[in-house]
Amino acid sequence: AQLRAVIDAVPDLISVKNREGVYWLWNKVFSQYIGMSPREVVGRTDAELFDEGEARRRSELDDVVLTSEQTLHSESWEESSDGERVLFDTLEAPFYSLEGELLGLIEVSRDITERHLFQEQLRQAHDQLSGQHEQLKELEALRDSLTHMIVHDLRTPLHLYRPTSPIATRAP
């Protein structure tokens with residue numbers, strides 16, 4: 001009961017599967033995400049809970065964790081039961097009995113969709129500002145060139161035009 005209260009208090013999706021991929025434990029957020037009650041998840045596998053492509057992807061990641069007995073970190077876009085696209089940052093780790101026997105894996109997935117969208121907006125703003133900065137540098141160079149020409153012309157005295165041709169100096 002205490003373990004259930006702890007995992008249900010976590011806002012991330014948490015699930016535990018045995019080595020055959022059968023769900024042993026999960027939190028309320030996981031049940032809500034897949035759109036099933038906790039009782040409907042009991043004893044099911046990914047093939048029974050997700051579409052074929054998602055089930056295959058999950059199974060392949062599970063195999064990597066169980067074979068290597070290493071923690072795996074991944075990011076993936078997934079579709080919730082209500083059709084919403086969500087970006088998850090997921091950690092999958094093997095878990096063992098007290099005797100050291102591999103029992104299965106634990107998966108914790110955090111929704112990072114908002115963070116991703118903010119990062120994308122920040123990247124776009126950065127690109128826009130970089131482009132504007134380059135334009136400003138070009139305009140400053142043009143201003144400096146024009147200023148230099150104006151100063152040069154002001155410092156160079158203008159000579160009055162004096163006609164020296166005999167035709168130009170004759171009086172009518």
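Small disclaimer: the values here were computed from a predicted structure and weren't measured. (Residues numbered from 1 in each chain as written. Predicted model: local features only at pLDDT ≥ 70, side-chain atom pairs only at ≥ 80, totals over all residues. Heavy atoms only, no water.)

**Here we look at the overall build of the protein chain**
Phase 1: Within the protein chain, the secondary structure is distributed over 7 helices and 5 strands.
Phase 2: Ordering the α and β elements of the protein chain from the N terminus gives α-β-β-α-α-α-α-β-β-β-α-α.
Phase 3: For a compact globule of 172 residues, the expected C-alpha radius of gyration is about 16 Å, and the protein chain comes in at 35 Å, more than 25% above that figure.
Phase 4: For the protein chain, the spread of C-alpha atoms along the three principal axes comes to 120 × 35 × 30 Å.
Phase 5: Residues counted as buried form 27% of the 172 residues belonging to the protein chain.
Phase 6: Long-range contacts, defined here as pairs at least 24 residues apart, represent 36% of the contacts in the protein chain between residues at least 6 apart. (Helix = DSSP H or I, 4+ residues; strand = E, 2+ residues; numbered from the N terminus. Rg over C-alpha atoms; globule rule 2.2 N^0.38 Å. Buried < 20%, exposed > 50% of the residue type's maximum accessible area, 1.4 Å probe, protein only. Contact = heavy atoms within 4.5 Å.)

**Some points on the environment of His73**
Phase 1: Relative to the elements of secondary structure, His73 occurs in strand β3 (residues 72-79).
Phase 2: When the C-alpha atoms of His73 and Leu91 are compared, they prove to be 4.7 Å apart, with 18 residues separating the residues in sequence.
Phase 3: Here His73 is in contact with Asp89, Thr90 and Leu91, once residues within four sequence places are set aside.
Phase 4: Separated by 2.4 Å, the side chains of His73 and Asp89 make a polar contact. (Polar contact = N/O pair within 3.5 Å; in protein donor to acceptor, adjacent residues only side chain to side chain.)

**Brief notes about helix α5 (residues 52-68)**
Phase 1: Counted at 1.5 Å a residue, the expected span for α5 with its 17 residues is 24 Å, and the 24 Å between its end C-alpha atoms agrees.
Phase 2: Among the residues of α5, those classed as buried are Glu54, Ala55, Arg58, Leu61, Asp62, Val65 and Leu66. Taken around the axis of α5, the buried residues stretch over an arc of 135 degrees, which confines them to a single face. Among the exposed residues of α5, those oriented more than 90 degrees off its buried face are Glu52 and Thr67.
Phase 3: Sitting at the amino-terminal end of α5 is Asp51, which places a side-chain oxygen 3.1 Å from the backbone nitrogen of Gly53.
Phase 4: In the stretch just after α5, Glu69 is the one whose phi turns positive, near 55 degrees. (Expected span 1.5 Å × (residues − 1). Arc of directions from axis to C-beta.)

**Focus on the pattern of salt bridges**
Phase 1: Under the defined criterion, the tally for this structure stands at 13 salt bridges.
Phase 2: When the shortest N-O distance is used, the salt bridge between Arg4 and Asp8 registers 3.4 Å. Placement of both Arg4 and Asp8 in helix α1 (residues 2-9) is noted, with a separation of 4 residues, approximately one turn of the helix.
Phase 3: What makes Arg4 partly exposed here is its relative accessible area of 33%.
Phase 4: With a closest N to O distance of 3.0 Å, Asp144 and Arg143 form a salt bridge. (Salt bridge = Lys/Arg side-chain N within 4 Å of Asp/Glu carboxyl O.)

**Description of a negative patch on the surface**
Phase 1: There is a patch of like negative charges on the surface, built from Asp51, Glu79, Asp82, Glu84, Asp111 and Glu114.
Phase 2: If you trace the backbone, Glu84 turns up in the loop between β3 and β4 (85-96). (Patch = residues over 30% accessible without salt bridge, like charges linked within 9 Å, V, L, I, M, F, W, Y side chains within 5 Å. Areas by Shrake-Rupley, 256 points an atom, 1.4 Å probe, with all protein chains shown as cover. Lys, Arg positive; Asp, Glu negative; His and termini not counted. Charge placed at Lys NZ, Arg CZ, Asp CG, Glu CD.)

**Digging into the packing of aromatic side chains**
Aromatic rings considered in pairs are described by the distance between their centres and by the relative angle of their planes.
Phase 1: Under the definition given, this model contains 3 aromatic pairs.
Phase 2: Relative to Phe88, the ring of Tyr33 has its centre 5.1 Å away and its plane inclined at 90 degrees; by these criteria the two rings are edge-to-face. Of this pair, Tyr33 sits in helix α2 (residues 28-34) while Phe88 sits in strand β4; the two residues are 55 residues apart in sequence, bridging distant segments of the chain.
Phase 3: Overall, Tyr33 belongs to the buried group, its relative accessible area being 9%. (Phe/Tyr/Trp six-rings, centres within 6.5 Å; stacked < 30°, edge-to-face > 60°.)

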